[in-house]
Each structure stands twice: as C-alpha cells, then as structure tokens.
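Examining the three-dimensional arrangement
Listed below, chain by chain, are the residues.
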Amino acid sequence: KIPDSIISISSGYVIVVDKQHQKIYVFHKNSSFSKVFEAACSTGKNPGSKQVAGDAKTPNGIFFVTRILTNPGPTDVYGSMAFPLDYPTISDKRAGRDGNNIWIHGTTKTLLPTQSKGCVVLHDNDLKRLAQYIYFNKTPVIISESLKWISQDKISPVKNELERILTSWHKAFVEKDIKAI
C-alpha cells in the first residue's frame, strides 16, 4: 500500500510526511512503488496547516528541497544539516499564507512529537540516511495532516482525471498557450 497523496511520478523518490502519526517515509518508483525509508519525525507544535509566520504549524502541500545547509546552528536544535523547502509556494502566497524557513532538519535531542516551530525534524542519524534520497528541486515532499493508505492496484478515476488535466496543462505551458493554461 501507498499513501493516496502520491498521485503519480514517472520514476525516482517521493518523501511523504504524516503529521498525525509523526512519521516520514520515502517511496521509490520503478514499475511500482516501494517504501525505502521510514522514521519518526516531529512537526509543528500547533495542529493544522501553516497560515502565517510564527504560528508554529507545519504547512500542508507539495514542496521541494532547494538546497542543503551544513551545520546550520546548534546540533541539539538543528542537527548536522538542514534541507530548506520552497515554502511558501506561489499558490500559498496567492492563498495569503506566509512564513519562511520551513526545513527538514535533524536534532541530537530526544525527538518528541509536535515539538517544532513548523519544520519537519528527525533524529540526526535518520536525517543522514534520508539525505541520500533528496534531489534538489526534483524530489517532491508531500506533507499531510494524515495519510490514507491505498492499494497500488486501485487507481481511482479521480486520479486518472487529475493526471489528464496536469498533462494538458503541461502541454499548454510548453507551447506557451496562455488561453489553454
């Protein structure tokens, strides 16, 4: 089974964060998906999706890691590295959501559920293992309030329709057809 938030990728890795169960997963896609990584994580102190800077919430959505920060601060707080996410995205900004410095980072402290100010925090050893699956601006990071697990062979008509729409949008974008976009 895979999380239903994974719609489709042609190949590669996808990172999925389950805020309800405080878990982070990595799935790899070849002909089908396989789980290659799972670890405990900690997300924002407050429930719900990030709306404004300082609300101690972790945003929901699809994001991408933009770069790596080595030794970003005290290791008990930030671990040995951090991966900034591209939050807020254009759609977040249009929806009036803001904030900054949403990272996936490590810690050397005991990991407790919902202890961050909005980041996704892992024990530093787990973060070092996760790093091998991260490709900047390529590996999607899906953050959800909770995951619904589905069988890979049950592709719903809604997902097929979404895939059709995305393919159509991409074609219009490549062809610079503003009206079709």
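Residues numbered from 1 in each chain as written. Predicted model: local features only at pLDDT ≥ 70, side-chain atom pairs only at ≥ 80, totals over all residues. Heavy atoms only, no water.

1. Observations concerning the overall build of the protein
- On a plain count of helices and strands, the protein comes out with 4 helices and 11 strands.
- Taking the principal axes of its C-alpha atoms as reference, the protein extends roughly 50 × 35 × 30 Å.
- Considering the protein as a whole, with its 181 residues, one finds that 41% of them fall into the buried category.
- Across the protein, every contact between residues at least 6 apart in sequence was considered, and the portion connecting residues at least 24 apart equals 56%. (Helix = DSSP H or I, 4+ residues; strand = E, 2+ residues; numbered from the N terminus. Buried < 20%, exposed > 50% of the residue type's maximum accessible area, 1.4 Å probe, protein only. Contact = heavy atoms within 4.5 Å.)

2. Overview of a nonpolar patch on the surface
- On the surface, Trp169, Phe173, Val174, Ile178 and Ile181 cluster together into a nonpolar patch covering about 540 Å² of accessible area.
- Relative to the elements of secondary structure, Ile181 occurs in the segment after helix H4 (157–174). (Patch = residues over 30% accessible without salt bridge, like charges linked within 9 Å, V, L, I, M, F, W, Y side chains within 5 Å. Areas by Shrake-Rupley, 256 points an atom, 1.4 Å probe, with all protein chains shown as cover. Salt bridge = Lys/Arg side-chain N within 4 Å of Asp/Glu carboxyl O.)

3. What to know about the nonpolar core
- Counting 23 residues, the largest nonpolar core has Ile24, Phe37, Leu85, Ile104, Val120, Leu122 and Leu130 as the members making the most contacts within it.
- Secondary-structure elements contributing two or more residues to this core are strand E2 (12–18), strand E3 (23–29), strand E4 (33–40), strand E7 (81–84), strand E9 (120–123), helix H3 (124–130) and strand E10 (140–144).
- Sequence-distant contacts of Phe37, defined by excluding residues within four places in its chain, comprise Ile24, Tyr25, Val26, Leu122, Asp126, Arg129, Leu130 and Tyr133.
- Counting 11 residues, the second largest nonpolar core, distinct from the first, contains Val16, Tyr25, Phe27 and Leu147. (Core = buried A, V, L, I, M, F, W, Y, C linked by side-chain atoms within 4.5 Å.)

None of the figures reported here should be taken as evidence of function without further support.
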